[in-house]
Amino acid sequence: MKSKRLVVAKFGEDTSWTSEAKSFSTDVIIYDKGSESVTDPSGYDIINNSLVLLPNIGRESQTYLHHIVHNYDKLYDIEIFCQGRVSDHVSGIWGNIQQME
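All values derive from a computational prediction rather than experimental measurement.

The phi angle at Ser25 is positive, at roughly 50°, despite the residue not being glycine. Its place among the elements puts Ser25 in the loop between strand E1 (4-10) and strand E2 (26-32).

This is the structure:
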């Protein structure tokens, strides 16, 4: 089975939907550029998700590039990049992820 990781670029969105990732054998890393969470990341389930706080520079593409550059030697087989409010862009993300092998 190929390793899968969901890379989420977040600024103020509710990312609680990522808690379902373990059911789909998918790790999650959330890059948060929201100013409120920089001082208080307690709203995250750090056990199931990895949280990285970034300064609010650039847009989601800068976040994705940051992830690739800083993890180049340890990228997963499948890296899935999305914004914090994934429903704006795709419906049924877990079904799509489940099909990735």
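Let us look at the nonpolar core. Formed by Leu6, Val8, Trp17, Ala21, Val28, Ile30, Ile78, Ile80, Cys82, Val86, Ile93 and Ile97, the largest nonpolar core amounts to twelve residues. Residue assignment for this core shows that the elements contributing at least two residues are E1, E2, strand E4 (78-83) and helix H3 (93-98). Top element by residues in this core is E4. It accounts for three residues. In contact with Val86, other than residues within four places in its own chain, are Trp17 and Ile93.

What follows concerns the environment of Thr18. Among the structural elements, Thr18 can be located in the loop between E1 and E2. Note on Thr18: relative accessible area 1%, which makes it buried. Counting along the chain gives ten residues from Thr18 to Val8, while the straight-line C-alpha distance between them is 8.9 Å.

Let us now look at the pattern of salt bridges. Applying the stated criterion to the full structure yields two salt bridges. Across the salt bridge formed by Arg5 and Glu79, the nearest N and O atoms sit 2.7 Å from each other. Separated by 74 residues along the polypeptide, Arg5 in strand E1 and Glu79 in strand E4 bring together distant segments of the chain. Side by side, Arg5 and Glu79 carry an identical accessibility label, which is buried. Two residues, Arg59 and Glu60, come together in a salt bridge whose shortest N-O distance is 4.0 Å. Residue classification places Arg59 among the exposed positions, given a relative accessible area of 63%. Judged by its relative accessible area of 24%, Glu60 falls in the partly exposed class.

Reading the values: rules and limits
Residues numbered from 1 in each chain as written. Predicted model: local features only at pLDDT ≥ 70, side-chain atom pairs only at ≥ 80, totals over all residues. Heavy atoms only, no water. Helix = DSSP H or I, 4+ residues; strand = E, 2+ residues; numbered from the N terminus. Core = buried A, V, L, I, M, F, W, Y, C linked by side-chain atoms within 4.5 Å. Buried < 20%, exposed > 50% of the residue type's maximum accessible area, 1.4 Å probe, protein only. Contact = heavy atoms within 4.5 Å. Salt bridge = Lys/Arg side-chain N within 4 Å of Asp/Glu carboxyl O.

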